Amino acid sequence: MAAAAPPFPAVAAAALLLLLCLSGGGVVCNAQTPVFACDASNATVAAYGFCNRSATPAARAADLVSRLTLAEKVGFLVDKQAALPRLGIPAYEWWSEALHGVSYVGPGTRFSPLVPGATSFPQPILTAASFNVTLFRAIGEVVSNEARAMHNVGLAGLTFWSPNINIFRDPRWGRGQETPGEDPLLTSKYAVGYVTGLQDAGAGAGGDALKVAACCKHYTAYDVDNWKGVERYTFNAVVSQQDLDDTFQPPFKSCVIDGNVASVMCSYNQVNGTPTCADKDLLSGVIRGDWKLNGYISSDCDSVDVLYNNQHYTKTPEDAAAISIKAGLDLNCGSFLAQHTVAAVQAGKLSESDVDRAITNNFITLMRLGFFDGDPRKLPFGSLGPSDVCTSSNQELARETARQGIVLLKNNGALPLSAKSIKSMAVIGPNSNASFTMIGNYEGTPCKYTTPLQGLGANVATVYQPGCTNVGCSGNSLQLDAATKAAASADVTVLVVGADQSIERESFDRTSLLLPGQQPQLVSAVANASTGPCILVIMSGGPFDISFAKSSDKIAAILWVGYPGEAGGAAIADVLFGYHNPSGRLPVTWYPESFTKIPMTDMRMRPDASTGYPGRTYRFYTGDTVYAFGDGLSYTSFAHHLASAPPAHVALQLAEGHACLTEKCLSVEAEGGHCENLAFDVHLRVRNAGEVGGAHTVILFSSPPAVHNAPAKHLLGFEKVSLAPGQAGVVAFKVDVCRDLSVVDELGNRKVALGSHTLHVGDLKHTINLRV
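Residues numbered from 1 in each chain as written. Predicted model: local features only at pLDDT ≥ 70, side-chain atom pairs only at ≥ 80, totals over all residues. Heavy atoms only, no water.

A. Examining the layout of surface pockets more closely. In this structure, the second largest pocket spans a volume of roughly 600 Å³. Lining the second largest pocket are 32 residues, and of these R585, F629, G630, D631 and G632 sit closest to its centre. Contributions of two or more residues to the lining of the second largest pocket are made by β11 (407-411), β17 (638-644) and β21 (694-703). Sort the elements by how many residues they give to the lining of the second largest pocket and β21 lands first, with six residues. (1 Å grid on protein atoms, 1.4 Å probe; cavity = no way out; pocket = protein on both sides within 12 Å on 5 of 7 lines; lining within 4 Å. Points joined across faces, edges and corners; volume = space filled by probe spheres on them. Helix = DSSP H or I, 4+ residues; strand = E, 2+ residues; numbered from the N terminus.)

Rendered as structure tokens:
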């Protein structure tokens, strides 16, 4: 869904025209060119019902729709909407992006000398590794502040197609870097936190108002881009109802129900033979029907065109327009619906009322954003401007996010380093002086860069050798002699290797889990040549099989730093020198290279012992791992103690006549009267047993009984606590039996498994028996 931004987006042009007109900026302001909708100075426009701010968004949208011709209506079905001067409506571009900061990827946003950059946070995969819900929301709040500030000077829209909450199901997926990882609960918590931070307009703005409109994408079971010639545009994801409802749907459900997101984007792929953007059950049935979406449903860019021209799902373009709109699609990123919807209505394939429903959902969203409320300078957030972008506090939050996400995977005691005792440090590797690589994809221009070399060099004297000219590290680009010479003469060596967008990206999946090219040879040669400790830093979105480094006595420590954003180099140095005690945990399983024998296109989550299929993600995978989900070390040690034990037996009070009162059941439905007030608390006493203060992520898992092909374990909750040396604190979890201890059965229904459930935090375990 990436595209180059046009020279000057329509929304930017309109807003900048406003500024220039009102400030006497030399622009001749034609009365026929609306600068903003519902201009109070225009009596005719101000009198329209859709400009009545005291009416509900739905009533205002209905009034606007009633004033449009069919030809005008279809222009509001697409992302690039032309101005409608006769009603005083300016042009608007819906497509802006804010995956980890305001991005220039969508045509609705650009940078200029007025706002040359915005805060670039780490890619979501590293932010998720912080396991810090408060942080997820804080980032969203900063991003929306900067987005509104840029909107106010004509450089950004109000609708941002972020976040990406697909499950990182396969380690080879090129877009895994954009996601919060492989776990449905962690992904759900991230989605709700980030979306709330983006959208919350504050207590005084009214319950339905939006600061900016977020979008949870790509719905659904989308995680194959281009693997061995299998492309997302034609891939049919064959998914069982159990896997769909247990793994792929929960983040979207949470995003809509708990996050009240303004939009969901349907994906390119088919699910069980039907394109998602043409699936009435998935769109109208689930998103708008079951989950009650308060907003609009958008297509991925050109995916309506794709279902016709690439998937050949319909015989005519009119059929494609009709089936997608009738399925529940409201907005087409692209021009397909603008080109073919009128003909579809004229041919009787689609009713005009179907079009009205779609554009009404779009207009209501714009009403909630204040787009039809007149002069934006007089509206909430109208005072935000260039000085509110790239503030020192925003940039510090980017650095803190990277610090909290960085995961320490190995440490033989070499870390933390002492800046006072190091006279020389060799900094080696193709990512050791990375700048652009650190911000990943769906990026914007950052406020500034601090590379690993710069971050480390701010603490000690450094000698730099790239080792390879790029991360591909082909034989021709390998520079072993200079690299090993530098390592041999330094007190300590830091190797920064891994990936970049040439290795993993949108439209490009990996086929190997090994470090690219000659990187393993570089790492081994430099480690063997080092006279002091050798620290390996992996910069990547997806995991690697680094078993050789994990087992090597020559490599003293290993860190994974994701794509750490604009301040990545400073954050890496903060961790290596002990200014920050690492607390990040892996949000994905790190598999061995042998896993690549499994076709990426096999969507099954659960293992199949009869064929040797090992399953996927920590919840179901039965094979060997290099590192496990949740792995992560600290410079101190933490002890857990069960301060308040939940009951050993919990009885579900079934209604009179329930079948399970007279016959043996393996499970009962996770709804109904027996679920009311059925919860208990788990209180854990956590003590910092070491000599270094720091944060600790307490992760609570449950292993359910082996019924309905249940996961081996699944995440119940997580909390982050900061403790000084010797200090103790209590972390509390409330476990709702039907919500948290339920599993999804073969038909997609949630069931409470009867029998023994084992709760565990690290090595601490407690068993609860559920019975009727």
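B. Inspection of the packing of aromatic side chains at higher detail. The final tally for this structure, using the stated rule, is 29 aromatic pairs. Between the aromatic rings of W590 and Y627, the centroid separation amounts to 6.0 Å while the plane-to-plane angle is 80°, which identifies the pairing as edge-to-face. Of this pair, W590 sits in the loop between α20 (568-576) and α21 (617-620) while Y627 sits in the loop between α21 and β17, and the two are 37 residues apart along the sequence. Classification of W590 by relative accessible area gives buried; the value is 1%. Ring centres of F629 and F701 lie 6.4 Å apart, and the angle between their planes is 70°; this geometry places the pair in the edge-to-face category. A residue pair is termed long-range when its members are at least 10 positions apart, and F629 in the loop between α21 and β17 and F701 in strand β21 qualify at 72 residues. Judged by relative accessible area, F701 falls into the buried class, the value being 7%. Counting every residue linked through ring pairs, the aromatic cluster contains Y48, F50, F76, Y92, W94, Y296, F363, F371 and F372. Positioned over the ring face of Y627 is K550, at 4.6 Å from the centre of the ring. (Phe/Tyr/Trp six-rings, centres within 6.5 Å; stacked < 30°, edge-to-face > 60°. Buried < 20%, exposed > 50% of the residue type's maximum accessible area, 1.4 Å probe, protein only. Lys NZ or Arg CZ within 6 Å of the ring centre and 35° of its normal.)

C. Up close: helix α8 (residues 241-248). α8 sits mainly inside the fold: six of its eight residues count as buried. When α8 is considered as a whole, its buried residues turn out to be Q242, D243, L244, D246, T247 and F248. Looking at the buried residues of α8, the elements they touch are α7 (184-199), α9 (250-257), α21, β24 (742-744) and β25 (750-753). (Contact = heavy atoms within 4.5 Å.)

D. Structural context of the sheet that holds strand β22 (residues 714-723). Read from one edge of the open sheet, five strands run β18-β27-β26-β21-β22, paired in mixed fashion. The open sheet terminates on both sides in strands that have one partner only, identified here as β18 (649-651) and β22. Across the sheet, the mean angle from the axis of one strand to that of its neighbour is 20°, orientation sign disregarded. Examined bridge by bridge, β21 and strand β26 (residues 755-761) share three bridges and lie antiparallel to one another. Bridge pairing in β26 links S703 to T758. (Pairing = 2+ DSSP bridges. Axes fitted to C-alpha atoms, helices over the stretch in contact; angles between N-to-C directions.)

E. Structural view of the sheet that holds strand β14 (residues 492-498). Spatially, six strands are ordered β11-β16-β15-β14-β12-β13 in an open sheet, and the strand pairing comes out mixed. What marks the edges here is a single partner per strand, and that holds for β11 and β13 (462-465). The average undirected angle you get between the axes of adjacent strands in this sheet is 15°. The pairing of β14 with strand β15 (residues 534-539) spans six bridges and is parallel. Its bridge partner being in β15, V494 is matched across the sheet by I535.

F. Highlighting the nonpolar core. Core analysis: the largest hydrophobic core is formed by 114 residues, its most contacted members being F50, W161, Y219, V261, L337, F363 and F372. Residue contacts for L337: discarding those within four places in its chain leaves V74, L77, V78, V304, A321, S324, I325, L329 and N332. One finds I422, V471, V537 and M539 within the second-largest nonpolar core, a separate group that totals 83 residues. (Core = buried A, V, L, I, M, F, W, Y, C linked by side-chain atoms within 4.5 Å.)

G. Layout of the packing of helix α6 (residues 133-151) against helix α15 (residues 392-405). Relative to each other, α6 and α15 sit at 150°, their axes nearing to 11 Å. Put simply, α6 runs roughly antiparallel to α15. Viewed along their axes, α6 and α15 form a crossing whose handedness is left-handed. Listed contacts from α15 to L135, A138, I139, V142 and E146 of α6 are N394, L397, T401 and Q404. Taken together, the residues that form the contact of α6 with α15 break down as five nonpolar, three polar and one charged. (Parallel < 35°, antiparallel > 145°, perpendicular 65-115°, else oblique. Left-handed = near helix turned anticlockwise from the far one by under 90°. Nonpolar A, V, L, I, M, F, W, Y, C, P; charged D, E, K, R; others polar.)

H. Layout of the state of the cysteines. Throughout the structure, instances matching the rule amount to eight disulfides. One disulfide bridge connects C301 with C333, the sulfur atoms lying 2.0 Å from each other. On the sign convention where negative means left-handed, the S-S torsion of about 80° between C301 and C333 marks this disulfide as right-handed. With C301 in the loop between β10 (296-299) and α11 (303-309) and C333 in the loop between α12 (317-327) and α13 (336-346), this residue pair connects regions lying 32 residues apart in the sequence. Under the relative-accessibility criterion, C301 is labelled buried at 6%. Classification of C333 by relative accessible area gives buried; the value is 2%. Shown here is the disulfide that connects C660 with C665, its sulfur atoms set 2.0 Å apart. Sign of the S-S torsion, about -95° for the bond between C660 and C665, identifies this disulfide as left-handed. Its relative accessible area of 9% is what places C660 among the buried residues. In this structure C215 is a free cysteine whose sulfur lies 6.9 Å from that of C216, the closest cysteine sulfur available. (Disulfide = S-S within 2.5 Å.)

I. Spotlight on the side chain of R175. Locating R175 in the fold gives a position in the loop between α6 and α7. Reaching out from R175, the side chain makes a polar contact with the side chain of E506 at a distance of 3.2 Å. The contacts of R175, once residues within four sequence positions are left out, are N164, H218, Y222, D225, R232, Y442, R505 and E506. (Polar contact = N/O pair within 3.5 Å; in protein donor to acceptor, adjacent residues only side chain to side chain.)

J. Inspection of helix α14 (residues 352-369) at higher detail. With 18 residues, α14 should reach 26 Å at 1.5 Å per residue; the first-to-last C-alpha distance of 26 Å fits that figure. Burial of α14 is extensive: 14 of the 18 residues sit out of reach of the surface. Trailing α14 by a residue or two, G370 shows a phi angle of about 85°, which is positive. (Expected span 1.5 Å × (residues − 1).)

K. Local environment of the UniProt feature "domain: Fibronectin type III-like" (unreviewed entry) in the chain. Here the UniProt feature "domain: Fibronectin type III-like" (unreviewed entry) sits at residues 696-765. In the segment residues 696-765, helix accounts for 6% and strand for 61%; the C-alpha atoms at its two ends are 18 Å apart. (UniProt positions renumbered as here; feature names shortened; annotations may be inferred.)

L. Seen up close, the pairing of β22. The buried fraction of β22 is high, at seven of ten residues. Pairing geometry for β21 and β22, over nine bridges, is antiparallel. Across the sheet, the residue bridging to A695 is S722, located in β22.

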